[in-house]
Amino acid sequence: MSLNRRGISELPHMCLAHGIDHAIISPGSRNAPLTIAFASHSAMRCFSITDERSAAYYALGMAQQLKRPVVLICTSGTAMINYAPALAEAFYLRVPLMAISADRPAEWIDQNDGQTIRQRNLYQNFVKGSFECPVETAKQEDLWYFRRTISEAFTLCQEGKPGPVHINVPLREPLYEALPEATQLPMVVKATRVKPTLSSQQWQELRKKWHSLQKKLIIAGMEDDDGEADRYLNQILANNEALVVAENLANKSIHNSIESPDRFMAYLTDGQKIALQPDLLVTLGGPIVSKRLKKYLRKYKPKEHWHIGEHEPFIDTFQSLTRTIGIKAVDFLAQMTNQGVPDDTYVGIATQLYRQSSVSHQEFFNDIPFCDLAAYEMIFRHLPKNCNLHLANSTPVRYSQLFENQQGVRYFSNRGTSGIDGCVSTAAGAAMVSDRLNIALV
């Protein structure tokens, strides 16, 4: 038995050592050794999806729910290009995916051989990293290089801000030989990272500035976290220290927060918009959906804008960024709670206007005939608790912003790049690994 593919035999073992046990495999010949290795390992949960485009979005939905990487395996040539839309979405959505593509060896690239394209670095603009494995691993030095490459790729996929990585695996024929047995489990290299923190002097400076700025607005962007920050956001809002905006995709539970900023901004007069112009804007998490809120803050700019988040420098959605703070939002909020001057007027006026907009919203729905918007209103009113709601682009996710967040519902949408494709496959992948009811609104 040839030892040329010792690395391929070890690959599923290395996945498991990194906590990865789900793989989506699409058919082909060049990837046959990879398929055999993964499908033969009893601890790997393998799924066969023929179309690579759907397969990648399916894996995206799975990884989103599992909160750990899912492996994608495809054959060589144009098949791997079909992964591109979902990998781009995963990159901007911060979802970890491991795209493993089989390839021809380098000597056959551009030699008029079938199913052969330039695969190296194909996804370079929307993956965290691209890696090339040695063609054979019979020699110990090649096997060492293979193991090191895989460990580096797996670590990069999950560390810091998660995201997709690409591993290109050149394979020579014959492709259907039995793989060598992985008799000795490979040593896995793991990385230990230091949690980013601020010095006491830096905290003192931030608290002083936080205290000095009167009208404070916190916007929680798209996120599916563990809710640690909710406690502090509730306390800050209850203390009238800051106004909080949290759309449904932020998946926050904040009492008296503005959950429908698009509806709220449409209700305000020009005078009220001027009165609500913040002195300090603090943004957390990912992007927001509301175009009206973006337009408002780009016109009525805050004196200062702080963006909070690890590994996220220079996120300047509102064209007013003055400071990036590279720590977790919960750590920032814990330090700022009870450090500001309560502003009953600013928070109170905004809260009252938001309630009035809700009343006006309901009066509108009481009068309109049945139409597409009325159908959405009926759906949101009857959503079961403890479900996952997957919102397609563009109408469903925008209409959903007009309604209050439903208790117990987790909201998801492919809003990393906001593409209109892949939403059904993403929801199907999420449903495969989720114990909750998953609903796709398309």
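Residues numbered from 1 in each chain as written. Predicted model: local features only at pLDDT ≥ 70, side-chain atom pairs only at ≥ 80, totals over all residues. Heavy atoms only, no water.

**Overview of the sheet that holds strand β10 (residues 304-308)**
- Reading across the sheet, the 5 strands line up as β8-β7-β9-β10-β11 and stay open at both edges, with parallel pairing between neighbours. The open sheet has two free edges, formed respectively by β8 (243-246) and β11 (323-325), since each of these has just one partner strand. For this sheet, the mean inter-axis angle between neighbouring strands, taken without regard to orientation, is 20 degrees.
- In the sheet, strand β7 (residues 216-220) pairs with strand β9 (residues 280-284) via 5 bridges, with the strands oriented parallel. Bridge pairing in β9 links I219 to T283. (Pairing = 2+ DSSP bridges. Helix = DSSP H or I, 4+ residues; strand = E, 2+ residues; numbered from the N terminus. Axes fitted to C-alpha atoms, helices over the stretch in contact; angles between N-to-C directions.)

**Quick word on the pairing of β9**
- Most of β9 sits inside the fold, with 5 of its 5 residues counted as buried.
- The two faces of β9 match: L280, V282 and L284 on one face and L281 and T283 on the other face are all buried.
- Two elements, β9 and β10, share 5 bridges in a ladder whose sense is parallel. Paired with T283 across the strands is H307, a residue of β10. (Buried < 20%, exposed > 50% of the residue type's maximum accessible area, 1.4 Å probe, protein only.)

**Things to note about the nonpolar core**
- Within the largest apolar cluster, 47 residues are counted, with the highest numbers of intra-cluster contacts made by I24 and L97.
- Elements with a minimum of two residues in this core: α3 (52-66), β3 (70-74), α4 (84-93), β4 (97-103), α13 (372-381) and β12 (387-391).
- When residues in this core are grouped by element, the largest group, 9 residues, is from α3.
- L206, L297, V347 and L353 belong to the second largest nonpolar core, which has 46 residues in total. (Core = buried A, V, L, I, M, F, W, Y, C linked by side-chain atoms within 4.5 Å.)

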